[in-house]
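Coordinate inspection notes
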Amino acid sequence: MKKFLSIITFVALPLMSQADTYSVSDKYYVGFGAGIIIPNNVDINVSNAGIINGVTYSANINGEFEFDNGHQINGLLGYRFNEYLSFETELGYTKFDYNKVNLTAGGTATTGGVTFTGATSRSYDIDGSISSFSIIFGPAFDFDISNNLEFLISGGIGFSSYDDEIKSVGGSTGLSYDEDFTDLAAKFKTGINYSFSQQTYLQATYGFNYVDSGLDNFTDDFTAHSFDAKLAFNF
């Protein structure tokens, strides 16, 4: 993570002398917005039989969870140190649904006396969802493109507190659970600030999101792409 933040600083340094910020002229700013999240598939690798999230799995299950795109509601709190450097706290609520599980090596999952049997090289629809609240802290760099347009780059770390629920897989409740987790999270974002006035601007960004959610003998960590827009106010 330290290397990740060092790269951001290195990229921004050659451009700092060009910054003559127009769109964010006051020390404090707040923003509110919304966007979409595009989750990447999460690999499954159950090498040993065992109980995970209250579900009993057989050994040697492999595949991936696939998700639908979801939505985000975001808030932004920032403090500006100078014309090109700020420190931001980004708060976000995210929700998206499971789509299906794609199995490359099948097996069984049992809970509540019900067993789901998944066949090799088969896909099964999932009724389930993940909802989360996250807070990310980190530096943000911006520099002028034109009088009212800026390029920004930012990265930070924090946490994600989320509810992971699967109601059924392939119509069976054998693989079902509802668990709450809190894990380390990180985000890299880049985009633009477009000023409407000295006090108001639009921030449009792309983000790469990471959550340290992997479970031993079950799943890898979670990653996703996101796109959002926020209306921000200086004061």
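Look a little higher up for the structure.
Below or above, wherever it landed, is the structure these notes cover.

Rules used throughout
Residues numbered from 1 in each chain as written. Predicted model: local features only at pLDDT ≥ 70, side-chain atom pairs only at ≥ 80, totals over all residues. Heavy atoms only, no water. Salt bridge = Lys/Arg side-chain N within 4 Å of Asp/Glu carboxyl O. Helix = DSSP H or I, 4+ residues; strand = E, 2+ residues; numbered from the N terminus. Buried < 20%, exposed > 50% of the residue type's maximum accessible area, 1.4 Å probe, protein only. Phe/Tyr/Trp six-rings, centres within 6.5 Å; stacked < 30°, edge-to-face > 60°.

1. Section: the pattern of salt bridges
Taken as a whole and judged by the stated rule, the model has six salt bridges. Ionic pairing is found between K189 and E88, a salt bridge with its closest N-O pair at 3.2 Å. With K189 in strand β12 (residues 177–195) and E88 in strand β7 (residues 85–105), this pair connects stretches of sequence that are 101 residues apart. Comparing K189 with E88 shows no difference in burial state: the two are buried. Across the pair K189 and E90 runs a salt bridge, and its minimum N-O distance is 3.0 Å. Placement of the pair is K189 in strand β12 and E90 in strand β7, with a sequence separation of 99 residues. When sorted by exposure, K189 lands in the same class as E90, which is buried.

2. Re the packing of aromatic side chains
If you walk through the whole model with that rule in mind, you get 15 aromatic pairs. With a centroid separation of 5.5 Å and an interplanar angle of 75 degrees, the aromatic rings of F65 and Y98 are classed as edge-to-face. With a gap of 33 residues between them, F65 in strand β5 (residues 61–67) and Y98 in strand β7 connect regions that are remote in the sequence. A single burial state applies to F65 and to Y98, both of which are buried. Plain terms: the ring middles of F65 and F218 are 6.3 Å apart, the flat faces sit at 80 degrees to each other, and that makes the pair edge-to-face. Within this pair, whereas F65 is found in strand β5, its partner F218 is found in the loop between β13 (200–211) and β14 (222–234), the two being separated by 153 residues in sequence. Judged by relative accessible area, which is 4%, F65 ranks as buried. Connected via pairs of aromatic rings, a cluster forms that spans Y57, F65, F67, F96, Y98, F218 and F222.

Function cannot be read off these values alone, since they describe shape.
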